[in-house]
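Spelled out from the first residue to the last, the chains are:
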Amino acid sequence: MQTLTKKKKIWLIVGICVLVLCIGFVAAMLLWKFGVFAPQEEPTLPPQTTQPPTTTAAPTEETTEPEEPGETETPEEPEEYVEAAEEAEEEAQKMLKVYADFAENWMAVPVLQGVKSETERFAGALNTYSIEAMMQDGKALQAGTSHFLGQNFAKSFDVQFLTNENKYEYVWATSWGVSTRLMGALIMTHSDDNGLVLPPNLAPTQVVIVPIFKKQDQLDALMEKLNPLADELKKLGIRVQVDASDNATPGFKFAEYELKGVPLRLAMGGRDLENGTIELARRDTMTKETVSFDGIVETIQSLLKEIQDNIYQKALNFRIENTREVNTWEEFKEEIKKPGFLLCHWDGTAETEEKIKAETKATIRCIPLEGDKTPGNCIYTGKPSSQRVIFAIAY
């Protein structure tokens, strides 16, 4: 085989390179012709600056990608932005009213609705609303809270929603909830040394019926009267229990149901059966009376409502009797030693609030949403105050 000279080898390599370049050029021209290398428009990304732009281009019909929010709001907030904030604040206030309604109309616990001071506010929230109740020892219990979080948590956890204008916006959040402390509130507001005192609207058993008997035939005769009564009460939605057990005395049963807080107890013995009467015992007042068996259903309905109202009114009267207005610092230091709430003027500063707490252990329970809005002077500094707030020793 003839070997190539050095000169021929060089020309062969040059020829191959030229051939490759020609083939590449032809291929590129064909690809360009069919649009493979057609220029593509770069998508316009939203600015990621900490300062909002001074002007905003008007959206066009071709805009399909939502814009990402900046880290700060524009100086002139759009109407939709304001509406979202107001809607969230209204939701927080709405839930506060839901809690207050449940506490007062079901638990029979009177509460004061208000907004927390900045010091007592939930960390990160723009506003914290609360319901405050007074226990029988005169201490305050924060019975429930509802928070308006603004956009703080949404920005921290990058929670966004798409607006009608096809833009991303951080959500305006709320946070609300009550806990098992409501059980404590129920017990500490109403109960006594004999046990629980439960409002009928919330009591698992509203009425307990105890037949008093010695022999089976006596029980049978009593149950002919009492079973139909229990059935009629159940049809009316009244939660009733008939205790015809024979392993405990009537006295033991009475004490047990007093301990459990059953609002109304009925007892019928042989003499009541003969006389057409029945004994009623109220848990809220610990009183007993003998009434006619005729019309007993209507009597029970009326009494349950009366007991509910009486339990609430008793707690409300206690709070009113133990709520006092205080106008000087010396008076405050003496009154805070007594049970109850103090209505005082405060200058609105965290510094003053902290000093009062350090000296007396009293805290601002809330700034009432309703009530006297008369301005005055702070009890501690003498500076102007827009309204009275509630100070108390709290759990």
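In what follows, the structure referred to is the one given above.
Asker: Now, about the sheet that holds strand β17 (residues 388-392): what can you tell me, with residues and values included?
Answerer: Strand pairing within a sheet occurs via backbone hydrogen bonds; the two strands may be parallel or antiparallel. In spatial order, the strands read β6-β3-β2-β1-β14-β17-β13-β12; together these eight strands make up an open sheet with mixed pairing. In this open sheet, the two strands that pair with only one neighbour each are β6 (173-177) and β12 (323-325). Here the strands of the sheet are splayed against their neighbours by 35° on average, with no regard to which way each runs. Of the pairings in the sheet, the one linking strand β3 (residues 140-150) to β6 comprises five bridges and is antiparallel in character. Residue Phe148 lies in a different strand from β6, and its bridge partner there is Thr174. Packed onto the sheet, helix α4 (residues 181-190) meets β2 (127-134) and β3 and runs at close to 150° relative to β3.

Asker: Before we move on, can you summarise the nonpolar core with the specific residues and values?
Answerer: Within the largest apolar cluster, 40 residues are counted, with the highest numbers of intra-cluster contacts made by Val111, Ile131, Phe332, Leu342, Cys344 and Phe391. Those elements that place two or more of their residues in this core are α2 (79-105), β2, β3, α4, α9 (329-335), β13 (341-345), β14 (363-368) and β17. Sequence-distant contacts of Val111, defined by excluding residues within four places in its chain, comprise Ala100, Ala103, Glu104, Ile131, Glu132, Ala133 and Arg319.

Asker: Mind laying out the pattern of salt bridges, listing which residues take part and the relevant values?
Answerer: Under the criterion given, the structure shown has 15 salt bridges. With a closest N to O distance of 3.5 Å, Glu256 and Lys260 form a salt bridge. Of this pair, Glu256 and Lys260 both sit in helix α6 (residues 250-260), four residues apart, which is roughly one turn of that helix. As a salt-bridge pair, Lys305 and Asp309 come within 3.0 Å of each other at their nearest N and O atoms.

Asker: Explain the sheet that holds strand β7 (residues 207-211) to me, using residue names and the numbers behind them.
Answerer: Sheet architecture is open: five strands sit in the order β8-β7-β9-β10-β11, paired in mixed fashion. Bordering the open sheet on either side are β8 (240-242) and β11 (288-292), each of which pairs with just one other strand. Between one strand axis and the next, the sheet turns through 25° on average, direction left out of account. Of the pairings in the sheet, the one linking strand β10 (residues 277-282) to β11 comprises five bridges and is antiparallel in character. Bridge pairing links Ala281 to Lys288 in β11. Lying on the sheet, helix α5 (residues 216-235) is in contact with β7, β8, β9 (264-268) and β10; it crosses β7 at an angle near 170°.

Asker: Provide a residue-level description of α4, including the pertinent values.
Answerer: Those residues of α4 not exposed but buried are Leu182, Ala185, Leu186, Thr189 and His190. Buried residues of α4 fall within an arc of 100° about the axis and therefore sit on the same side.

Asker: Talk me through the packing of aromatic side chains; I want residue IDs and the actual numbers.
Answerer: Inspection of the entire model under this criterion finds five aromatic pairs. Ring geometry for Phe148 and Trp172: centres 6.3 Å apart, planes at 15°, overall stacked. With Phe148 in strand β3 and Trp172 in the loop between β5 (168-170) and β6, this pair connects stretches of sequence that are 24 residues apart. When the ring of Phe332 is compared with that of Phe391, the centres are 5.3 Å apart and the planes differ by 85°; the resulting orientation is edge-to-face. One end of the pair, Phe332, is in helix α9; the other, Phe391, is in strand β17, with 59 residues separating them in the sequence. Here Phe332 falls in the buried class, since its relative accessible area comes to 0%. Overall, the relative accessible area of 0% leaves Phe391 in the buried class. One aromatic cluster is present, formed by Trp329, Phe332, Tyr380 and Phe391 through successive ring pairs.

Basis of the calculations
- Residues numbered from 1 in each chain as written.
- Predicted model: local features only at pLDDT ≥ 70, side-chain atom pairs only at ≥ 80, totals over all residues.
- Heavy atoms only, no water.
- Pairing = 2+ DSSP bridges.
- Helix = DSSP H or I, 4+ residues; strand = E, 2+ residues; numbered from the N terminus.
- Axes fitted to C-alpha atoms, helices over the stretch in contact; angles between N-to-C directions.
- Contact = heavy atoms within 4.5 Å.
- Core = buried A, V, L, I, M, F, W, Y, C linked by side-chain atoms within 4.5 Å.
- Buried < 20%, exposed > 50% of the residue type's maximum accessible area, 1.4 Å probe, protein only.
- Salt bridge = Lys/Arg side-chain N within 4 Å of Asp/Glu carboxyl O.
- Arc of directions from axis to C-beta.
- Phe/Tyr/Trp six-rings, centres within 6.5 Å; stacked < 30°, edge-to-face > 60°.

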